[in-house]
Amino acid sequence: MAGLKKNPETKHMTRSNKKNVLLLPGDGIGPEITHASRMVMDWFEKSGRTAIDYAEDLLGGASYEKHGKPITDATLGRAKEADAVLLACVGGPKWDKIPFEVRPERGLLAIRKGMGVFANLRPAVVFDVLAGASPLKPEIVQGLDVMIVRELLGGVYFGEPRGIETLPNGERRGINTQVYTTSEIHRVARVAFELARKRKKKLHSVEKANVMESGVLWREEVTKLGAEYPDVELHHMYADNCAMQLVRYPRQFDVIVADNLFGDILSDLAAMLPGSLGMLPSASLGAKDSMGRQAAFYEPIHGSAPDIAGKGIANPLAMILSYAMMLRYSFDQADSADLIETAVQNVLKAGVRTADIAEKGQSAVSTEAMGAAVVKELSRLGG
Ligand code: NAD
Ligand code: IPM
Ligand code: MN
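It should be emphasised that the depicted structure is a prediction, and the values quoted were computed from it without experimental measurement.

A pair can form between side chains of opposite charge whenever their charged atoms are brought close. Using the criterion set out here, one finds 21 salt bridges in the structure. Here D264 makes a salt bridge to R122, at a shortest N to O gap of 3.9 Å. In this pair, D264 is assigned in helix α9 (residues 260-271) and R122 in strand β4 (residues 119-125), connecting sequence segments 142 residues apart. On the basis of relative accessibility, which here comes to 23%, the residue D264 falls in the partly exposed class. Ionic pairing is found between D264 and R150, a salt bridge with its closest N-O pair at 3.7 Å. With D264 in helix α9 and R150 in strand β5 (residues 145-151), the pair connects residues that are 114 residues apart, well separated along the chain. Here R150 falls in the buried class, since its relative accessible area comes to 1%.

The next subject is helix α11 (residues 334-349). Think of an α-helix as turning once every 3.6 residues; residues three or four places apart then point the same way. Compared with an ideal rise of 1.5 Å per residue, which puts 16 residues at 22 Å, α11 spans 22 Å between its outermost C-alpha atoms and is within 8% of the ideal. Buried-residue contacts for α11 involve α1 (30-46), α10 (317-329) and α12 (367-382). A positive phi of about 90 degrees marks G351, the residue just after α11.

Another point: the side chain of T72. Here T72 is to be found in the loop between α2 (61-67) and α3 (73-81). Among the polar contacts listed, one links the side chain of T72 to the side chain of T75, at a separation of 2.9 Å. The contacts of T72, once residues within four sequence positions are left out, are S63 and H67.

Rules and cut-offs
- Residues numbered from 1 in each chain as written.
- Chains lettered and ligands numbered in written order.
- Predicted model: local features only at pLDDT ≥ 70, side-chain atom pairs only at ≥ 80, totals over all residues.
- Heavy atoms only, no water.
- Salt bridge = Lys/Arg side-chain N within 4 Å of Asp/Glu carboxyl O.
- Helix = DSSP H or I, 4+ residues; strand = E, 2+ residues; numbered from the N terminus.
- Buried < 20%, exposed > 50% of the residue type's maximum accessible area, 1.4 Å probe, protein only.
- Expected span 1.5 Å × (residues − 1).
- Contact = heavy atoms within 4.5 Å.
- Polar contact = N/O pair within 3.5 Å; in protein donor to acceptor, adjacent residues only side chain to side chain.

Put into structure tokens, the structure is as follows:
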């Protein structure tokens with residue numbers, strides 16, 4: 001292809017299969033980490049490794065400010081048409097008092113639901129060089145590589161009935177409903193079993209079957225599905241115990257599958273094993289259609305970090321690593337994803353740290369400087 005640099009070791013996209021990616025910078029630190037991530041994306045475009053058309057749109061508070069709602073039909077339409085969507089983060093105190101239905105977080109839930117991305121993959125990997133940045137002892141987290149598969153479209157996040165009502169005696173009552181069907185459990189558990197099969201063949205299914213009927217059903221259905229995966233060692237664990245075990249001995253885990261709420265909480269907990277929320281990417285995937293197309297939504301697991309927004313000090317690596325996941329899962333470019341992950345590790349090894357992962361004696365660099373350092377290392381590694 002004219003203009004595409006040849007590299008025999010790299011699988012390139014060509015113009016004939018040019019991809020469309022929708023970028024959603026969102027709120028808070030979102031635009032800052034998007035800027036740093038785009039430096040990396042631009043490097044891949046310029047070096048000819050990718051051929052992607054990027055479009056940007058509003059989600060969350062940014063959309064609310066312009067349109068009075070956290071997501072418009074047009075944005076959802078664009079998201080559904082794109083080959084992949086990459087979000088930074090949404091939310092912030094500015095929108096904490098507005099009606100629930102138009103809060104930024106509702107935009108995020110709506111886009112996940114609208115795109116049908118039911119399996120949220122949240123890897124927690126401790127790069128050797130960052131073991132010292134973890135609040136846990138290095139010997140506990142060293143070599144950690146856990147994949148949390150969080151169910152993303154069901155459970156208490158979406159269950160009906162929901163709401164706040166006033167009882168005849170004047171007391172108010174808040175209601176949410178935890179609900180799962182067999183098919184919802186099977187489709188996410190299948191993703192987890194398949195992933196485990198390609199990894200260390202160990203799956204922990206997490207619920208609270210000791211107190212919740214939906215947990216009993218979850219355990220029974222995962223067990224049934226497990227019959228199709230005799231090569232995968234299946235364990236069941238209560239969610240509270242799982243939280244404790246993740247801190248006590250996290251390396252016992254390979255893949256964890258959990259419902260929407262437990263998966264949300266456990267993945268924030270797991271995010272501190274590598275030392276910062278600012279390091280953890282995620283990929284949310286839907287079912288493949290008859291053409292083999294799969295809806296895919298990528299986002300860091302962290303939020304909009306209002307406490308540091310606008311200061312230029314946020315860590316952009318979770319978003320950069322989410323972009324790497326996009327190349328790996330949506331565009332079949334494992335070599336490019338590996339390249340990014342290696343560049344990130346080397347940069348960290350060289351002592352380049354944003355404030356959240358700086359260790360004693362290390363001075364912190366800005367968001368943009370971290371993006372630039374990754375680009376420089378990519379150039380050194382990849383030419
Ligand atoms: P948060 O993840 O925004 O922040 C928690 C802590 O981690 C803060 O101290 C923050 O400074 C730090 N942090 C997060 N990302 C960081 C990064 N990239 N670099 C350095 N430090 C980072 O969680 P929160 O404070 O509970 O929520 C803030 C807002 O974000 C809320 O409105 C919440 O609803 C929203 N939120 C959005 C998402 C998302 O868009 N996917 C996820 C979680 C929370
Ligand atoms: C996440 C966030 C979201 C969630 C919120 C902001 C809706 O915490 O992506 O982990 O709970 O799913
Ligand atoms: Mn969360």
